[in-house]
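Spelled out from the first residue to the last, the chains are:
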Amino acid sequence: MDKIFDQLEGLVEHYEELQELMSDPEVINDTQRYLKISKEAADLSAIVTAFHQYQQLKNDIADNKELLSDSNDADLIDLAKEELEQLEPQLAQVEQQIKVLMIPKDPNDDKNIIMEIRGAAGGDEASLFAGNLLNMYERYADSQGWHFEIIDETKTEVGGFKEVAVMISGSNVYSKLKFENGAHRVQRIPSTESAGRVHTSTATVAVMPEYDEVDLELDPKDIRVDVYRASGAGGQHINKTSSAVRMTHLPTGIVVAMQDQRSQQQNREKAMQILRTRVYDYYESQNQSEYDAERKSAVGTGDRSERIRTYNYPQNRVTDHRIGLSINQLDRIISGQLDEIIDALILSDQTAKLEQIQNGETKLY
């Protein structure tokens, strides 16, 4: 605990420096710098306030204990004891509050996401399972009051998905869904299995925070844009105008094709949105050592090939392998009731980060 509060004293000093900078005319006249500093100060405000409260409680407790040891006045002693009974639980409560507040916040937690789900090993059954996962996340998004939009899809003949991309927007989307990144395994009897044998199939889920032009500016010279006539269901505009758009980011070879919107301009905007996110995710993944250091958590490396969860239908059980959690309510979870799993993953991540802070492995700022 001492290491934590040693860091907090430095954090308070840093907060006071930010306050002084916000009063500097040179900073005030630089709008971008002022906004950056004021945001950082606002992020630190709650923990600084809690730390000041903690210090005041510590002083009040020390004063009352000194009174107990030095005073012979029975009334004062009783009053000191009564105050200590109130102050000590308050101190414990503020300590816990500080622990939670001081966990470094993922800068992407407030962002919307683009989620890509792909059928992997298992052929048709894998594509059907990808569809199950899509429905699960759509229902969970609905329960959170988020907006869920399919922006690209490749369906299979059996009614599943070879791949599907969705945009989920709302409050704290990435903070709740970032741990879904990885390989999801299903064990069940496929509808096409006449012998009643349990098969194992997998689907992968990629969760990418949505980036805008401020986060990543793509050079137009690096993007090749092709337009063509859309195909498939979609209304009268299909096949009559070149509304479909394919964008290729030449340095990385990443390709995004979009034809689901009603106009070429809408398809361009959607394609650029997805391209920017995929390119950012690509570059972030390139420096693997730095990527691991910054993104690795207690609940997995974020590698999409990592098997994170098994959905066992015969036993109605879901197991998250990263935290050793098994829940015998697969029917509820696959219907979108993910809170129990997501809350456990967040708690595990917070616990690991607190341990790093207590061991002096993580700085607060």
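Please read these numbers as outputs of a predicted model, since none were measured by experiment.

Participant: Please explain the overall build of the protein chain as it appears in this structure.
Facilitator: From N to C terminus, the protein chain includes 10 helices and 11 strands. Counting only residues that meet the buried cut, the protein chain has 41% of its 365 residues in that class. Here the contacts in the protein chain between residues at least 6 apart in sequence split such that 61% fall between residues at least 24 apart. Summed over its atoms, the accessible surface of the protein chain is roughly 19800 Å², and 45% of this surface lies on carbon and sulfur atoms.

Participant: Hey, could you run me through the sheet that holds strand 10 (residues 317-320) in this one?
Facilitator: Across a sheet, paired strands are connected by hydrogen bonds in the backbone, their directions being either parallel or antiparallel. An order of 2-3-1-5-4-9-10-11 is seen for the eight strands of this open sheet, with the pairing classed as mixed. This sheet does not close on itself; its edge strands, each paired only once, are strand 2 (147-155) and strand 11 (325-327). The average undirected angle you get between the axes of adjacent strands in this sheet is 15°. Summarising the sheet, strand 10 and strand 11 pair through three bridges and their orientation is antiparallel. Its bridge partner lying in strand 11, Thr 319 is registered against Ser 326.

Participant: Please explain the sheet that holds strand 7 (residues 244-249) as it appears in this structure.
Facilitator: Overall, antiparallel pairing links the three strands, which are arranged 6-7-8 in an open sheet. Of all the strands in the sheet, the pair left with one neighbour each is strand 6 (223-228) and strand 8 (254-258). On average, each strand axis in the sheet is inclined to that of its neighbour by 15°, with strand direction left out of account. Strand direction decides the pairing type here: strand 6 and strand 7, joined by six bridges, are antiparallel. Pairing of Tyr 228 across the sheet is with Ala 244, part of strand 7.

Participant: Help me understand the environment of Val 173 in this model?
Facilitator: The residue Val 173 is located in helix 6 (residues 173-177) in this model. Overall, the relative accessible area of 0% leaves Val 173 in the buried class. Not counting chain neighbours up to four residues away, the residues in contact with Val 173 comprise Asp 109, Lys 111, Asn 112, Ile 113, Trp 146 and Ile 168.

Participant: Which parts of the structure should I look at to understand helix 5 (residues 124-143)?
Facilitator: Three or four residues apart is the spacing at which side chains of an α-helix point the same way, because the helix has 3.6 residues per turn. Across its 20 residues, helix 5 extends 29 Å between first and last C-alpha, which sits within 8% of the 28 Å expected from 1.5 Å per residue. Within helix 5, the full set of buried residues consists of Glu 125, Ala 126, Ser 127, Phe 129, Ala 130, Gly 131, Leu 133, Leu 134, Met 136, Tyr 137, Tyr 140 and Ala 141. Positive backbone phi, approximately 75°, marks Gly 145, located one or two places after helix 5.

Participant: Sorry if this is basic, but what is going on with the nonpolar core here?
Facilitator: One recurring pattern in soluble globular proteins: nonpolar side chains tend to sit buried together. Within the largest apolar cluster, 35 residues are counted, with the highest numbers of intra-cluster contacts made by Met 115, Ile 117, Leu 133, Tyr 137, Ile 168, Leu 177 and Tyr 311. For this core, the secondary-structure elements that each account for two or more residues are strand 1 (113-119), helix 5, strand 3 (161-169), helix 6, strand 5 (199-209), helix 9 (330-334) and helix 10 (339-358). Per-element accounting of this core gives the leading share, eight residues, to helix 5. Excluding residues that lie within four positions of it along the chain, Leu 177 makes contacts with Ile 113, Met 115, Tyr 137, Tyr 140, Trp 146, Ile 168, Val 207 and Ile 342. In this structure, Val 27, Ile 37, Val 94 and Ile 103 belong to the second largest nonpolar core, which totals 25 residues.

Criteria and thresholds
Residues numbered from 1 in each chain as written. Predicted model: local features only at pLDDT ≥ 70, side-chain atom pairs only at ≥ 80, totals over all residues. Heavy atoms only, no water. Helix = DSSP H or I, 4+ residues; strand = E, 2+ residues; numbered from the N terminus. Buried < 20%, exposed > 50% of the residue type's maximum accessible area, 1.4 Å probe, protein only. Contact = heavy atoms within 4.5 Å. Areas by Shrake-Rupley, 256 points an atom, 1.4 Å probe, with all protein chains shown as cover. Pairing = 2+ DSSP bridges. Axes fitted to C-alpha atoms, helices over the stretch in contact; angles between N-to-C directions. Expected span 1.5 Å × (residues − 1). Core = buried A, V, L, I, M, F, W, Y, C linked by side-chain atoms within 4.5 Å.

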